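# Structural features, examined
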Amino acid sequence: MSDNIYKDLKQLGGATVVPQRPEEAELERVANPQADVAYNVRFVAPEFTSLCPMTGQPDFAHLVIDYVPGAWLVESKSLKLFLGSFRNHGAFHEDCTISIARRLAEFIEPTWLRIGGYWYPRGGIPIDVFYQTGPMPEGVWIPDQGVPPYRGRG
């Protein structure tokens, strides 16, 4: 391969610090070497953490991000650092989930993106937040996100 699509990455392969705020997190992308094929990429973050903006107590979610890449792929370490930057960030579940989706969609300009934010109960109520950029593309295998609805004690 004569063209090194990874040459501009700054965070991969070295020590990095988790940004203190999502605004400080630097997402990185690489050219999609399979851009002529429609396929789905899935990231799962089963231990996502943010803070309640009112109480400062931690909130936990299981995030599932699916996207059909266009010209760009998000570099996974930069995505992990971006998601980790929410750990000390105070925002409601809806704001966190949609902010992540919008930032990714704006940055990598995918053909299609969806996120499922499955938030664990606080005060006895789980909150699930879903977003997608448009209709699911035809001809691409996009499995169910596989997260069962919250059943409590069953």
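Residues numbered from 1 in each chain as written. Predicted model: local features only at pLDDT ≥ 70, side-chain atom pairs only at ≥ 80, totals over all residues. Heavy atoms only, no water.

### Points about the overall build of the chain
As a reminder, the rule being used: Numbering goes from the N terminus for both helices and strands, where a helix is a DSSP run of H or I of at least four residues and a strand is a run of E of at least two. The size measure is the radius of gyration over C-alpha atoms, and the globule rule it meets is 2.2 Å times the number of residues to the 0.38 power. Exposure categories follow from relative accessible area, calculated using a 1.4 Å probe and restricted to protein chains: below 20% of the type maximum is buried, above 50% is exposed, and the middle band is partly exposed. Here, residues are in contact when the closest pair of their heavy atoms is within 4.5 Å. Where accessible areas are quoted, they stem from the Shrake-Rupley method and a 1.4 Å probe; at the residue level, only the protein chains shown are allowed to cover. His is not counted, nor are the chain ends, whereas Lys and Arg count as positive and Asp and Glu as negative. Charge positions come from single atoms, namely NZ of Lys, CZ of Arg, CG of Asp or CD of Glu.
The helix and strand inventory of the chain stands at two helices and six strands. Ordered by position in the sequence, the α and β elements of the chain form the string β-β-β-β-α-α-β-β. For a compact globule of 154 residues, the expected C-alpha radius of gyration is about 15 Å, and the chain comes in at 16 Å, within 12% of that figure. Residues classed as buried in the chain amount to 40% of the 154 residues present. In the chain, once contacts between residues fewer than 6 apart in sequence are set aside, the share between residues at least 24 apart is 70%. Carbon together with sulfur atoms contributes 54% to the accessible area of the chain, which is approximately 9,200 Å² in total. Taken as two groups, the 14 positive and 18 negative side-chain charges of the chain have centres that lie 6 Å from each other.

### Structural notes on the pairing of strand β3 (residues 58–68)
Quick reminder of the rule: Strand pairing is assigned whenever DSSP identifies at least 2 bridges connecting the two strands.
The element β3 is extensively covered by neighbouring structure, given that nine of its 11 residues are classed as buried. Note: strand β2 (residues 41–51) against β3, nine bridges, orientation antiparallel. Within β3, the position partnered with Ala-45 by the bridge is Leu-63. Relative to strand β5 (residues 112–122), β3 runs antiparallel, the two being bridged by eight bridges. Looking at the pairing, Leu-63 lines up with Gly-117 of β5.

### Brief notes about the nonpolar core
Which entries qualify depends on this criterion: For this analysis, a nonpolar core means a set of buried residues of the types Ala, Val, Leu, Ile, Met, Phe, Trp, Tyr and Cys, connected via side-chain atoms within 4.5 Å.
Ranked by internal contacts, the top residues of the largest apolar core, which has 27 residues, are Phe-48, Phe-82, Leu-83, Ile-100 and Leu-104. The set of elements that each furnish at least two residues to this core consists of β2, β3, β4 (72–74), α1 (76–84), α2 (93–108) and β5. Element by element, the count of residues in this core is highest for α2, at five residues. Every residue in contact with Ile-100, bar those within four places of it in the chain, is listed here: Phe-48, Leu-63, Ile-65, Phe-82, Leu-83, Phe-86 and Ile-115.

Such coordinate-based values are descriptive only and should not be taken to indicate function.
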